[in-house]
Amino acid sequence: MNAPAQFMAITLDISLGIQTCLSLIHASDLAREQRDDAFPPPLNVADTKSLTRMAMAAARMLSERAQCHIDVLNDMHARGDNGKRNV
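The rules we used
- Residues numbered from 1 in each chain as written.
- Predicted model: local features only at pLDDT ≥ 70, side-chain atom pairs only at ≥ 80, totals over all residues.
- Heavy atoms only, no water.
- Helix = DSSP H or I, 4+ residues; strand = E, 2+ residues; numbered from the N terminus.
- Expected span 1.5 Å × (residues − 1).
- Buried < 20%, exposed > 50% of the residue type's maximum accessible area, 1.4 Å probe, protein only.
- Contact = heavy atoms within 4.5 Å.
- Polar contact = N/O pair within 3.5 Å; in protein donor to acceptor, adjacent residues only side chain to side chain.

Visitor: Please set out the environment of Gly17 residue by residue, giving values where relevant.
Guide: Summarising the element assignment, Gly17 is placed in helix 1 (residues 3-34). The spacing of Gly17 and Met54 is 37 residues in sequence and 9.6 Å in space, taken between C-alpha atoms.

Given below as structure tokens:
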């Protein structure tokens, strides 16, 4: 696969992972707010914090990779390559 396709595949995987983390965090926070013993939070407080940090790190990594691709494209444009080289 070429670099743009690889980046799109990684973006999809990471964004789905972040979505899953945020869904679990939200469900856990909601369950803690409701304080219903019949429906305990799926995650304890420590796990919720860990998942939050992991989602933040994944988003940061994705934005850093995107910035690298943007930098390469800007360099190619400045040199007049017109996108003939893979990113």
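Next comes the rest of the write-up.
Visitor: I'd like to hear about helix 2 (residues 45-79), residue by residue, with values.
Guide: Over its 35 residues, helix 2 runs 51 Å from end to end, which matches the ideal 51 Å to within 8%, given 1.5 Å per residue. Those residues of helix 2 that fall on the buried side of the exposure criterion are Thr48, Leu51, Ala55, Leu62, His69 and Met76. Structurally, helix 2 contributes buried residues whose contacts are with helix 1. Measuring from the side-chain oxygen of the N-cap residue of helix 2 to the backbone nitrogen of Ala46 gives 3.1 Å; that N-cap residue is Asn44. One or two positions beyond helix 2, positive phi appears at Gly80, with a value near 85°.

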